[in-house]
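Observations on the three-dimensional arrangement
So the chains spell out like this:
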Protein chains: 2
Amino acid sequence: MSPPVAPSIAHEQHRLIHDIYVLLDDGDRRVLQKVNLSPLEFSVLQRLDTAQGRRLTDIGAELLCVKSTITRLVDRLEAHGLVRRTPDPDDRRAQRLLLTPRGLALRDEAVRLHDAAVERRMGLLDPAEQQQLRILLEKLRAGLSEDLEASN
Amino acid sequence: MSPPVAPSIAHEQHRLIHDIYVLLDDGDRRVLQKVNLSPLEFSVLQRLDTAQGRRLTDIGAELLCVKSTITRLVDRLEAHGLVRRTPDPDDRRAQRLLLTPRGLALRDEAVRLHDAAVERRMGLLDPAEQQQLRILLEKLRAGLSEDLEASN
DNA sequence: ACGCAATAGTTGCAGTTGCAAGCGATTATA
DNA sequence: TATAATCGCTTGCAACTGCAACTATTGCGT
């Protein structure tokens, strides 16, 4: 008389997204391990360029993790010669984070591998379904973002 | 001449799911913090009952995390009096994990809070959209699960 | 029945993350 | 313009997780 929880409808959706995320994340880890990157490190590299750079805090905000996490993650990437910190010309408190040539090469390689894996896995849905899914997810994301704003 | 990555179509989908997961997870953490549970702990409690119990390894497999993680997570839950280990009658290597009355009460409270939050957030889509989304996600999950099996 | 591989679970260790406190720089306020 | 609040980032600390090694038990092949 106390089984695993009886799921509601919305709950089931949430559970689905959770499961899918776990599955995708697991796949991502396997792929990215080939270039020695964690999913979070990859996410950071994806957001960088070799020209203007980005501020650490901005990246942290996008990734919903605290500043210290970015600090240390960047320490690691910098130690591997993938990124470079430079002073922000407009604000002497801030740092701008740039991709090094080596970081750019590695990122491109990672993107190539990752995209292939993603392509294969998302190919489980046909194009029409992908399109549909995308519309729904975009709506959901927009709503959730607002919701987050509202709660801060 | 080296902007943040140029996204493919499938990649965009993947990114959407990732973003949504992060947003949902963030929301979950806030809610579950009220009952002092991490999302993973909550996931474990959700899978338990007060009668037959479940084996640690099975739970770990469902949650895609290694056994040692479950071991120590259960240590914590047990220290808080929420679960109880009992020997498995069929296999002397194994333990069966049960909810205690206190664990049951806390889980129900957590489910209540969590469901309300989920309901509110998934309510950002109307019922027809939710239905559509669910179908797509279920198909995707099934495919990804197979994919995972295949790679092991 | 015997030995050997596989399985359930635990433990040591190292790596990653969040939180809180701290430092310098900047912006707002009086 | 002086002072306070805020902001960008870093560091110390504690908590959580994965990996590899280990013990005890089970089951398979011969």
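In this report, the structure presented in the accompanying data block is examined. The numbering scheme is per chain: residues are counted from 1 as the chain's sequence reads. For naming, the first written chain is A and the first written ligand is 1, with later ones following in the order written. Predicted model: local features are reported for residues with pLDDT of at least 70 only, side-chain atom pairs are reported and counted for 80 or more only, and whole-chain, interface and lining totals are derived from all residues. The basis for the side-chain values is all heavy atoms of the structure; hydrogens and waters are excluded.

Secondary structure elements are defined from DSSP: runs of H or I of at least 4 residues count as helices, runs of E of at least 2 residues count as strands, and each element is numbered from the N terminus. Counting its secondary structure elements, chain A contains 6 helices and 3 strands. Going residue by residue from the N terminus, the α and β elements of chain A occur as α-α-β-α-α-β-β-α-α. Here the globule rule is a power law, 2.2 Å times the number of residues to the power 0.38, and the radius of gyration is based on C-alpha atoms. For chain A, whose C-alpha radius of gyration is 19 Å, the value lies well above the compact-globule estimate of 15 Å for 152 residues. If you line up chain A on its principal axes, its C-alpha atoms span 60 × 35 × 35 Å. Burial statistics for chain A: of 152 residues in total, 49% are counted as buried. Relative to all contacts within chain A whose residues are 6 or more apart in sequence, the contacts with residues 24 or more apart total 51%. Per-residue and other accessible areas follow the Shrake-Rupley method at a 1.4 Å probe size, with only the shown protein chains counted as cover for residues. Accessible area for chain A stands at about 8,000 Å²; split by element, carbon and sulfur atoms hold 53% of it. In this tally, Lys and Arg are treated as positive and Asp and Glu as negative; His is ignored, and so are the chain termini. Taken as the charge location is NZ of Lys, CZ of Arg, CG of Asp or CD of Glu. Of the charged side chains in chain A, 23 are positive and 24 negative; the average position of the first set lies 5 Å away from that of the second. Note on exposure labels: buried denotes an accessible area under 20% of the residue type's maximum, exposed denotes more than 50%, and partly exposed covers the range between, all computed with a 1.4 Å probe on protein chains only. The contact rule is simple, with two residues in contact once any of their heavy atoms fall within 4.5 Å.

A separate point is the sheet that holds strand 2 (residues 83-87) of chain A. Sheets are built from strands paired through backbone hydrogen bonds, the pairs being either parallel or antiparallel. All names here are of chain A. With antiparallel pairing, the 3 strands of this open sheet are ordered in space as 1-3-2. Each edge of the sheet is formed by a strand with only one pairing partner; in this case those strands are strand 1 (54-55) and strand 2. Two strands are said to pair when DSSP picks up at least two bridges between them. Pairing geometry for strand 1 and strand 3 (residues 95-99), over 2 bridges, is antiparallel. Note on strand 3: the bridge partner recorded for Arg54 is Leu97.

On to the interface of chain A and chain B, then. Contact with chain A, which involves 63 residues of that partner, is made by 63 residues of chain B. Throughout, buried area stands for the accessible area (probe radius 1.4 Å) lost by two parts on being put together, summed over both. The junction of chain A with chain B conceals about 6,700 Å² of combined surface from both sides, 64% of it contributed by carbon and sulfur atoms. Each reported salt bridge corresponds to a side-chain nitrogen of Lys or Arg within 4 Å of a carboxyl oxygen of Asp or Glu. Where chain A meets chain B, there are 4 salt bridges. For Asp19(A), the salt bridge goes to Arg141(B), with nearest N and O atoms at 2.7 Å. Polar contact is defined as a pair of N or O atoms within 3.5 Å, subject to the rule that within protein one atom must be able to donate a hydrogen and the other to accept it, and that residues adjacent in sequence are counted only when both atoms are side-chain atoms. Taken together, the links from chain A to chain B amount to 8 residue pairs in polar contact (both at pLDDT 80 or more). Going through the elements one at a time, helix 1 (9-33), helix 2 (39-46), helix 5 (101-122) and helix 6 (127-150) of chain A are the ones with two or more residues in the side of chain A that touches chain B. The leading source of residues in the side of chain A that touches chain B is helix 1 of chain A, at 19 residues. The class makeup of the residues in the side of chain A that touches chain B is 27 nonpolar, 17 polar and 19 charged. Each residue gets one of three labels, nonpolar for Ala, Val, Leu, Ile, Met, Phe, Trp, Tyr, Cys and Pro, charged for Asp, Glu, Lys and Arg, and polar for the others, Gly among them.

Geometry of aromatic contacts follows a simple scheme: Phe, Tyr and Trp rings, the Trp one being its six-membered ring, pair when their centres are within 6.5 Å, and the pair is stacked under 30 degrees between planes, edge-to-face over 60, tilted otherwise. Following the criterion strictly, the structure yields 1 aromatic pair over all chains and no others. Both rings, one in Tyr21(A) and one in Tyr21(B), keep their centres 3.4 Å apart while their planes meet at 5°; by these two values the pair is stacked. With Tyr21(A) in helix 1 and Tyr21(B) in helix 1 (residues 9-33), this pair bridges two chains. The same class applies to Tyr21(A) as to Tyr21(B), namely buried.

Residues are counted as near a molecule or strand when any one of their heavy atoms sits within 4 Å of it. The immediate surroundings of DNA strand D are formed by 21 residues, with Thr57(A), Lys67(A), Arg85(A), Arg93(A) and Thr69(B) found nearest. Backbone atoms, meaning sugar and phosphate, form 63% of the atoms of DNA strand D found within 4 Å of the protein. Contacts to DNA strand D include Arg76(B), whose side-chain N or O atom sits 3.1 Å from a phosphate oxygen. Among the secondary structure elements, those contributing two or more residues to the surface near DNA strand D are helix 3 (56-63) and helix 4 (67-79) of chain A together with helix 4 (67-79) of chain B. By residue class, the composition of the surface near DNA strand D is 5 nonpolar, 6 polar and 10 charged.

Attention now moves to the environment of Asp28(A). Among the secondary structure elements, Asp28(A) is positioned in helix 1. Using a relative accessible area of 6% as the deciding quantity, one classes Asp28(A) as buried. In the structure, Asp28(A) is positioned 90 residues away from Val118(A) in sequence and 8.3 Å away in space, judged by C-alpha atoms. Ignoring sequence-local partners within four residues, the contact set of Asp28(A) consists of His114(A), Arg121(A) and His14(B).

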